[in-house]
Amino acid sequence: PHRPTLVYIEDMPIGLALTEMTERVTLRYLNGKYVREDSKAAKSIKPWQHSWTTQQDLPCGRFRLVAYAPFHGVAWLQSWQETPQASLRPMIPRIVQKLEGSIGELQRLKTAADEAAAQRQREHEEQWQRYLREEDKRKVKEAHMESRKQLAGIMDRWAVAISVERFFEEANRRLERVEGESRTEIQNR
């Protein structure tokens with residue numbers, strides 16, 4: 001079940017799966033287990049015995065053969081199943097004939113799926129390129145904003161520095177007009 005079973009017809013792989021079919025049956029709960037309603041044990045139940053019924057899918061012993069396209073994006077499926085009156089063995093020549101006749105259709109479906117995948121890949125690459133361009137524009141804009149922010153910070157610090165420098169220049173000018181001990185005290189401050 002972990003690896004596909006493939007058959008090649010004219011270099012075209014076709015997946016095959018053989019599965020046992022199930023059928024919906026009525027089961028009766030008796031003595032801690034479920035038994036088929038039509039079994040001898042279920043028919044011999046006594047009126048005083050407690051039981052109930054349920055519906056479940058159980059293997060029926062008949063098989064189904066499924067042929068499918070093992071390609072991504074190709075929805076092609078054929079199936080044949082046994083009936084209570086007929087097994088798969090006599091159907092094998094018709095199954096082979098059907099598979100051989102489906103090669104052209106499978107090739108067309110595969111080509112269409114490959115073209116669609118290539119188109120999706122191109123669209124994905126174009127979308128990625130658009131994203132990269134937009135991301136580049138966003139980063140340039142962000143860098144510009146950051147530069148402006150840094151410049152504004154430098155200008156603010158420069159304004160503070162100039163303001164301090166002007167303060168001391170003005171203080172020195174006024175200090176020159178002051179005489180005596182108060183001048184020494186103000187200079188120390």
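The shown structure was predicted, so the numbers you read here are calculated from the model rather than taken from an experiment.

1. Thoughts on the side chain of Arg28
Logical step 1: Here Arg28 lies in strand β2 (residues 12–30).
Logical step 2: A distance of 3.0 Å separates the side chain of Arg28 from the side chain of Glu37, its partner in a polar contact.
Logical step 3: Residue contacts for Arg28: discarding those within four places in its chain leaves Lys33, Tyr34, Val35, Glu37, Ala42, Ile45, Ser51, Trp52 and Thr53.

2. Focus on a nonpolar patch on the surface
Logical step 1: A cluster of nonpolar side chains, Val160, Val164, Phe167 and Phe168, forms an exposed patch at the surface whose accessible area comes to about 410 Å².
Logical step 2: Note on placement: Phe168 falls in helix α3 (residues 103–177).

3. Overview of unusual backbone geometry
Logical step 1: Although it is not a glycine, Glu10 adopts a positive phi angle of roughly 50°.
Logical step 2: Classification of Glu10 as exposed rests on a relative accessible area of 65%.
Logical step 3: Positive phi outside glycine occurs at Asp11, with the angle close to 65°.
Logical step 4: Structurally, Asp11 can be placed in the loop between β1 (5–9) and β2.

4. Some thoughts on the pattern of salt bridges
Logical step 1: In this structure the tally under the stated criterion is nine salt bridges.
Logical step 2: Put simply, Glu23 and Arg36 hold a salt bridge, and the shortest N to O gap is 3.8 Å. Of the two residues, Glu23 is situated in strand β2 and Arg36 in strand β3 (residues 33–36); the sequence distance between them amounts to 13 residues.
Logical step 3: Across the pair Lys137 and Glu134 runs a salt bridge whose closest N-O atoms are separated by 3.9 Å. Of this pair, Lys137 and Glu134 both sit in helix α3, three residues apart, which is roughly one turn of that helix.
Logical step 4: Looking at Lys137, the relative accessible area reads 54%, which means it is exposed.
Logical step 5: In this structure, a network of salt bridges that share partners links the residues Glu135, Arg138 and Glu142.

What counts and what doesn't
- Residues numbered from 1 in each chain as written.
- Predicted model: local features only at pLDDT ≥ 70, side-chain atom pairs only at ≥ 80, totals over all residues.
- Heavy atoms only, no water.
- Helix = DSSP H or I, 4+ residues; strand = E, 2+ residues; numbered from the N terminus.
- Polar contact = N/O pair within 3.5 Å; in protein donor to acceptor, adjacent residues only side chain to side chain.
- Contact = heavy atoms within 4.5 Å.
- Patch = residues over 30% accessible without salt bridge, like charges linked within 9 Å, V, L, I, M, F, W, Y side chains within 5 Å.
- Areas by Shrake-Rupley, 256 points an atom, 1.4 Å probe, with all protein chains shown as cover.
- Salt bridge = Lys/Arg side-chain N within 4 Å of Asp/Glu carboxyl O.
- Buried < 20%, exposed > 50% of the residue type's maximum accessible area, 1.4 Å probe, protein only.

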